[in-house]
Amino acid sequence: MKIDHEICIGCEECIAYCTMGVISIQDGLAHIDHDECVECGVCLKLKVCPLEAIYQDELRFPRIIRSSFSNPEMPHARTKRHGRGTEEMKTNDVTNRFKEGEIGLCIEVGRPGIGTRLRDVEKISMALAQAGILLEEDNPIYDHVEDLLTGKLKEEVLGEKVLSAIVEVKEKPEIIALALDGLKELSSTLETVITLSVICKVREDESIPDYDKLNKLGYTTNGHAKVNIGLGRISDKGEGIA
Ligand code: SF4
Ligand code: SF4
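This structure is a prediction, so every number in the text was calculated from the model and none was measured.

### What to know about helix H6 (residues 209–216)
So, step 1. Residues of H6 that are buried include every one of Pro209, Asp210, Tyr211 and Leu214, and no others.
So, step 2. Those residues of H6 hidden inside the fold are in contact with strand E5 (103–109), helix H5 (173–186) and strand E11 (194–199).
So, step 3. Downstream of H6 by one or two residues, Gly218 has phi in the positive range, about 100°.

### Some details on the site of ligand 1
So, step 1. Close contacts around ligand 1 come from Met1, Cys18, Thr19, Val22, Ile23, Ile32, Cys37, Val38, Glu39, Cys40, Gly41 and Cys43, and that covers them all.
So, step 2. Residue classes in the shell around ligand 1 are distributed as 9 nonpolar, 2 polar and 1 charged.

### Quick look at the sheet that holds E5
So, step 1. With respect to topology, 3 strands assemble into an open sheet ordered E10-E5-E11, the strand pairing being antiparallel. The open sheet is flanked by strand E10 (165–171) and E11, the only strands paired with a single partner. Strand-to-strand twist across the sheet, computed as the mean angle between neighbouring axes with direction ignored, equals 15°.
So, step 2. When E5 meets E11, the two strands line up antiparallel, connected through 6 bridges. By the bridge assignment for E11, Ile107 is matched with Leu196.
So, step 3. Across the face of the sheet, H5 comes into contact with E5, E10 and E11 while running at roughly 25° to E5.

### What about the site of ligand 2?
So, step 1. The environment of ligand 2 is made up of Ile3, Cys8, Ile9, Gly10, Cys11, Glu12, Glu13, Cys14, Ala30, Cys49, Pro50 and Ile54.
So, step 2. Broken down by class, the residue content of the shell around ligand 2 amounts to 9 nonpolar, 1 polar and 2 charged.

About the criteria used
- Residues numbered from 1 in each chain as written.
- Chains lettered and ligands numbered in written order.
- Predicted model: local features only at pLDDT ≥ 70, side-chain atom pairs only at ≥ 80, totals over all residues.
- Heavy atoms only, no water.
- Buried < 20%, exposed > 50% of the residue type's maximum accessible area, 1.4 Å probe, protein only.
- Helix = DSSP H or I, 4+ residues; strand = E, 2+ residues; numbered from the N terminus.
- Contact = heavy atoms within 4.5 Å.
- Near = heavy atom within 4 Å.
- Nonpolar A, V, L, I, M, F, W, Y, C, P; charged D, E, K, R; others polar.
- Pairing = 2+ DSSP bridges.
- Axes fitted to C-alpha atoms, helices over the stretch in contact; angles between N-to-C directions.

Okay, structure coming up:
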């Protein structure tokens, strides 16, 4: 995103709307910190500039990755999907993606205001690979992987900054516990925040056996249920909710 300094009058209107807080006034004009801007498009979409001095410059690879993760209106190049992750666990009623005997792990890396470099997402994918969990093809991070077996991302994308990225995987409880051990170890090396959720199938009698298995492996869980109505894509004919 750029600001036309021939038009800008430094009125400061745009500053409060930046999701990353990277617009500032210097020498009486608004400036965007290009390296920290995640190309979310919010400042442009909201038409906050009364003089229309804010404009979208052409985004090329690798910078265009920023907008496909941060701007919900920009699809990812290969999957043509919008957003930061693969498949919402909240739509499991429709997709039945998470089945009994396996636990889903959803790791959201970065938040508005702090964002994340893909360098930190790489640390997550490498920790998962160490536990034997490979990134799924549908996940937008998959396209930026150099080596699937180690979880290493391509060198040229590591410095790209996005609002957040979501890595979702599923595995047996024992493997998920291994991955959680690895994530705990690396968490102090991250330059951003992560939000971690585990997803388990709920039986009709409301028991959650996979939660119990995870608890026995030393991880306590704090149950919440969320359901999105009508937003899922059918991928399985199974029944039940997660
Ligand atoms: S595109 Fe997003 S991050 Fe960049 S200046 Fe605009 S609001 Fe801020
Ligand atoms: S709102 Fe427009 S004119 Fe005002 S500081 Fe921002 S870019 Fe400049």
